Amino acid sequence: MPAERWNRTAPRPPDAPLVFTEKVRGALRIAAVAPDAAALGLVPGMPLADARARIPALTVVSHDPAADAAWLDQLALGCGRYTPLVALDTPDGLILDIAGAAHLQGGEAELAIDAAMRFDRIGMTVRHAIGPTADAARALARYPAPPAPDEAAAIRRLPVAALELEAEATRALLRAGLRTVGDLASRPMAGIAARFGADAARALRRILGDEPSPLAPRTRPPPVTAERRFAEPLASSTHAMAVLAELAEEAAVAMAERGKGGRAFRATFFRSDGLARGIAIETGQPTRDAALVMRLFAERIDGLRDPIDPGFGYDMIRLAVPRLEALGASQLKLEGGAVHQAAAGELADRLTTRLGRGRVRQYRPADTHIPEQAQLELPAADAPPAAPWPNVEAGEPPLRPFYLFDPPQPIEVIAEVPDGPPHRFRWRRVLHAVRLYEGPERIAAEWWRRRDNQGLTRDYYRVEDVQGRRYWLFRHGLYDEKPGPRWYIHGLFA
Amino acid sequence: MCESSSSLAGLRRTVARIAASGAPADSRAGGWLTSGHAGFDAALGGGLMVGRCHEFFAADPLDAASAAGFAALLALRCGGAAPLLWLRTADSAQREGQLYAPGLAELGGDPNRLLLVETDDAKALLAAANDAVRCAGSAAVVVESRGRLPALDLTAGRRLALGARDAGTILLLLRIAAAPEPSAAETRWQVTAAPSRELEARAPGAPAFDLELLRWRAGPAGARWRLEWNRDEQAFREPALSGAFLPLVARRALEPHGAAAA
């Protein structure tokens, strides 16, 4: 698979076999080989130097498991056209649960042919198999078995290696004369468990279908989906967006029937060559307003770094709503209150879609004395409900600054006595003479949260310079905690 | 019969007022953002006009917190529970410091109403501001910027002002380290930190601001105020005299930008 992914992106000379290398204990070893290299006797695990000695004209590429995984994920997204339940079988397999979905393609065999054709079109070789359970199908696809009249017989004719036990257990099975799964299945299960371990017994039961082999799908099937298939591929993105708008209307009707609204929407454009492109948006409040959803999609598509490419056209578009929340029928206030609240929420969604989740934030209080940790900045898309902030004492001036520096910025301070308040300080190369001050407000480190029970106490001073500007300064550490503690400016008051 | 017709007339008046201001009747008292200081509001004909753009220049980069605090207090004084949109670029957290919600709470504002929007650069900031002013239902939109801001030319400024007028929102444009220049703003202010009233034991008192009206489309400019924020009454007021002020002449000599522009 790495070789076929590489072939899609980079041309190479026809007579230079392709190998992938990775560094194992300081030496370059081959991690994967292309079919042409395998035909010349190169195998994974061989040192690169040996391979070069045998075949000087090698194309050597460093092995990139992350790119392979991403490519497999893309292929899995493309397989979403057959069934929503697609599981990854890393590093190079996909398991599709097609129960109840095969008839849409005209049957199991037709589905397999269609999938093979599409994979072939993007240059991927597939070996597929259909089995009664996920483990059985996987074993049938991965291990060559002699032809058999039906599935059950085919599974029984699989070599014992298909159980994928540890090498030692497989060797023990072979030494005992058990060559196929059928040989093993004809023995009593208790004996197998006693002799070859419980793992062998479980693997056997799974491959035979006696024990369920659970599938971990790539995504859970979304509760609401709307999709449209086209007889002729749709080549224009404008038309695709128009279809998406219709799908949004359909999904809105489906959600209204359930009294729900969507918090997340995902559009998947399936290209006729088998690849797919997914685009997701989120909203801060549940919604079923198709126009709003389309505006957010347009915003997201405008901001994409690599624009969506229709290629040879889309032959299917699906809109899924993975997250639903209760949303009653809404009634607007006469004086427009509900409208205004919705407008602010919509703005937050639009800006979140354009700028990113972390860029539109709301503030929530946190229960701590450490000033820089006393506020939580949370993405507006999923901020918890408003919480009350600590009460302030009447008649006091503000004790916390309007702007906070995090991290605090170091300053030079001249104090009249070492332990006393600052008299003059230099910040950003400007000298400020202190006119008024209040302090210290002593804030200790949260020793109960720190493993080493350490941490310096801070002495905070609220100061005002002769120009009337107000600053929040602190000395990091008491004189008996640390010799020569540093001073910092932590904030600016209004 | 007579009674019902008078109540009907009252309703009509309410509807007319809503239609005129484009905002719920409880917020921003009939189209003005008021300070609570009677003299200040009266001199401006009611306060800062809603549906317009107002510029606040920090007299010195060190006055940034004062200018920002003044804008935030004006915006949060009224507007009920409507959100305050605060737009800034991502690098301003390093230079000016991050907005500190507990500090806003100490000033008497409700940080839950604050919605912070950070953008990569000034261009994205103006684009986000354009969307934000067109969103009815905010208490105010504060756009914090630093430097000359070449992207905000007359056309861009006019577009922002028109957006605010159409949606009935108010845009407060904070300009830090920038010199005043012609723009589409209704009023232009220079904000300087003012010495606070000294509390006992030489402690700094409530925040005080020196304001100078650099430009006003609807009237004469040049007026100056010194306002002090009274948190308990949620209003600005005349600072009580303490005699500890620096003389005005000395302060003016320290100011880098005068009232030359505008």
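Residues numbered from 1 in each chain as written. Chains lettered and ligands numbered in written order. Predicted model: local features only at pLDDT ≥ 70, side-chain atom pairs only at ≥ 80, totals over all residues.

### Let's talk about the overall build of chain B
Here is the rule we go by: Per the convention used, a helix needs a DSSP run of H or I reaching at least four residues, while a strand needs a run of E reaching at least two, with both numbered from the N terminus. Burial is judged by counting other C-beta atoms within 10 Å of a residue's own C-beta: 20 or more means buried, 12 or fewer means exposed, and anything between counts as partly exposed, with every C-beta placed from the backbone. Note that contacts rest on C-beta atoms placed from the backbone: two residues are in contact if these are within 7 Å.
When its secondary structure is counted, chain B shows eight helices and twelve strands. Expressed as a percentage of the 262 residues in chain B, the buried residues total 51%. Contacts in chain B between residues far apart in sequence, at least 24 positions, make up 73% of those at least 6 positions apart.

### Focus on the overall build of chain A
Let me state the cut-off plainly: Here the radius of gyration uses the C-alpha set of atoms, whereas the globule reference equals 2.2 Å times the residue count to the power 0.38.
Helices and strands together make up the secondary structure of chain A, namely 14 helices and 17 strands. Relative to the 2.2 N^0.38 estimate, which gives 23 Å for 494 residues, the radius of gyration of chain A is 33 Å and therefore markedly larger than a compact globule would have. With the C-alpha coordinates aligned to their principal axes, the bounding extent of chain A is approximately 95 × 65 × 55 Å. When burial is assessed residue by residue, chain A has 34% of its 494 residues classed as buried. Excluding contacts between residues fewer than 6 apart, the proportion of contacts in chain A whose partners are at least 24 apart in sequence is 52%.

### Section: the confidence of the model for chain B
Residues and elements named next belong to chain B. To keep it simple, the criterion reads: A score from 0 to 100, pLDDT tells how confident the predictor is in each residue.
Taken over all residues, the pLDDT of chain B has a mean of 82, while the share at 70 or more is 82%. Confidence drops under pLDDT 50 across residues 242-262; counting only partners more than four residues distant or on other chains, this segment forms 26 contacts. For this predicted complex, the interface confidence score (ipTM) comes to 0.81, while the overall pTM stands at 0.71.

### Comments concerning the interface of chain A and chain B
Our working definition: All residues other than Ala, Val, Leu, Ile, Met, Phe, Trp, Tyr, Cys, Pro, Asp, Glu, Lys and Arg, Gly among them, are scored as polar; the first ten of these are nonpolar and the last four charged. The pairing criterion for strands is at least two bridges between them, as found by DSSP.
Facing 50 residues of chain A, the contacting portion of chain B comprises 53 residues. Among the elements of the structure, α14 (337-355), β10 (360-365), β12 (403-415), β14 (430-443), β15 (458-465) and β17 (486-492) of chain A are those that each provide at least two residues to the side of chain A that touches chain B. In terms of residue count, the dominant contributor to the side of chain A that touches chain B is α14 of chain A (ten residues). Residues belonging to the side of chain A that touches chain B are distributed by class as follows: 29 nonpolar, ten polar and eleven charged. As defined by bridge partners, β12 of chain A adjoins strand β5 (residues 98-99) of chain B across two bridges and the pair is classed as antiparallel. Bridging across to β5 of chain B, L404 of chain A finds its partner in Q98 of chain B.

### Considerations on the sheet that holds strand β8 (residues 276-287) of chain A
Residues and elements named next belong to chain A. Rules: Whenever a helix is involved, its axis is fitted only over the stretch in contact; in every case the axis is a line through C-alpha atoms, and angles between N-to-C directions fall within 0 to 180 degrees.
Spatially, β6-β9-β7-β8 is the arrangement adopted by the four strands of the open sheet, whose pairing is antiparallel. Two strands in the sheet have a free side with no partner beyond their single neighbour: β6 (224-234) and β8. Strand-to-strand twist in this sheet, taken as the mean axis angle between neighbours without regard to direction, amounts to 10°. Set on the sheet, helix α13 (residues 290-302) makes contact with β7 (260-271) and β8; between it and β8 the angle comes to about 130°.

### Things to note about helix α3 (residues 64-77) of chain B
This is how it is decided: To estimate the expected span of a helix, subtract one from its residue number and multiply by 1.5 Å.
Over its 14 residues, α3 of chain B extends 20 Å from the first C-alpha to the last, a length consistent with the 20 Å expected when each residue adds 1.5 Å. Among the 14 residues in α3 of chain B, 14 count as buried, and that is most of the element.

### Considerations on helix α6 (residues 122-133) of chain B
Over its twelve residues, α6 of chain B extends 16 Å from the first C-alpha to the last, a length consistent with the 16 Å expected when each residue adds 1.5 Å. Residues A124, L125, L126, A128, A129, A132 and V133 of chain B constitute the buried set of α6 of chain B.

### As for the nonpolar core
In plain terms, the rule: Put simply, a nonpolar core is buried Ala, Val, Leu, Ile, Met, Phe, Trp, Tyr and Cys residues tied into one set by C-beta atoms within 7 Å.
A71, L87, V141, V142 and L172 of chain B are the most contacted members of the largest nonpolar core, which totals 111 residues. Looking at which element gives the most residues to this core, the answer is α3 of chain B, with eleven residues. Core analysis: the next-biggest nonpolar cluster, separate from the first, contains 36 residues, F119, A134, L163 and L178 of chain A among them.

### As for the sheet that holds strand β11 (residues 224-230) of chain B
Two orientations exist for strands paired in a sheet by backbone hydrogen bonds: parallel and antiparallel. The eleven strands are arranged β11(A)-β10(A)-β6(B)-β4(B)-β7(B)-β8(B)-β3(B)-β9(B)-β10(B)-β11(B)-β12(B) in an open sheet whose pairing can be described as mixed. Two strands close off the open sheet at either side, each with one partner strand: β11 (375-379) of chain A together with β12 (235-237) of chain B. Taking the axes of each pair of neighbouring strands and ignoring which way they run, one obtains an average angle of 30° across the sheet. Here β11 of chain B pairs with β12 of chain B via three bridges, running antiparallel. By the bridge assignment, E228 of chain B is partnered in β12 of chain B with R237 of chain B. Lying on the sheet, α3 of chain B is in contact with β3 (53-58), β4 (84-89), β7 (140-146), β8 (171-176), β9 (187-194), β10 (208-216) and β11 of chain B; it crosses β8 of chain B at an angle near 175°.

### Side note on the environment of A115 of chain A
Residues and elements named next belong to chain A. Relative to the elements of secondary structure, A115 occurs in helix α5 (residues 108-121). Here A115 falls in the buried class, since 21 other C-beta atoms lie within 10 Å of it. Distance from A115 to Y82, taken between C-alpha atoms, is 8.7 Å for residues 33 residues apart in sequence. Non-local contacts of A115, meaning those with residues more than four positions away in its chain, are made with Y82 and H128.

### As for the packing of α6 of chain B against helix α7 (residues 154-167) of chain B
Residue and element names in this part refer to chain B. Rules: Orientation categories follow fixed angle ranges, with anything under 35 degrees roughly parallel, anything over 145 roughly antiparallel, 65 to 115 roughly perpendicular, and all other angles oblique. Left-handed describes a crossing whose near helix is turned anticlockwise from the far helix by less than a right angle; the clockwise case is right-handed.
For the pair α6 and α7, interaxial distance at closest approach is 8 Å and the crossing angle is 20°. Comparing the axis directions of α6 and α7 gives the class roughly parallel. Handedness of the crossing formed by α6 with α7: left-handed. Along the contact surface, α6 presents L126, A129, N130 and V133, while α7 presents A156, R159, L160, G163, A164 and A167.

### Focus: the environment of A342 of chain A
Along the chain, the position of A342 of chain A falls in helix α14. A sequence separation of 57 residues divides A342 of chain A from Q285 of chain A, and the C-alpha atoms of the two residues are 8.7 Å apart.

### So, the environment of A141 of chain A
Residues and elements named next belong to chain A. Mapping A141 onto the fold places it in helix α6 (residues 134-142). Along the sequence, A141 and G93 sit 48 residues apart, while their C-alpha atoms lie 9.3 Å from each other. Among all residues touching A141, those that are not within four sequence positions of it are R127, H128 and A129.

### Overview of the packing of helix α10 (residues 189-196) of chain A against helix α11 (residues 198-208) of chain A
Residues and elements named next belong to chain A. The N-to-C vectors of α10 and α11 enclose an angle of 140°; their axes lie 6 Å apart at closest approach. In this view, α10 runs oblique relative to α11, as classed from their interaxial angle. From α10, M189, I192, A193 and F196 reach across to α11, where they touch A198, A200, A201 and L204.

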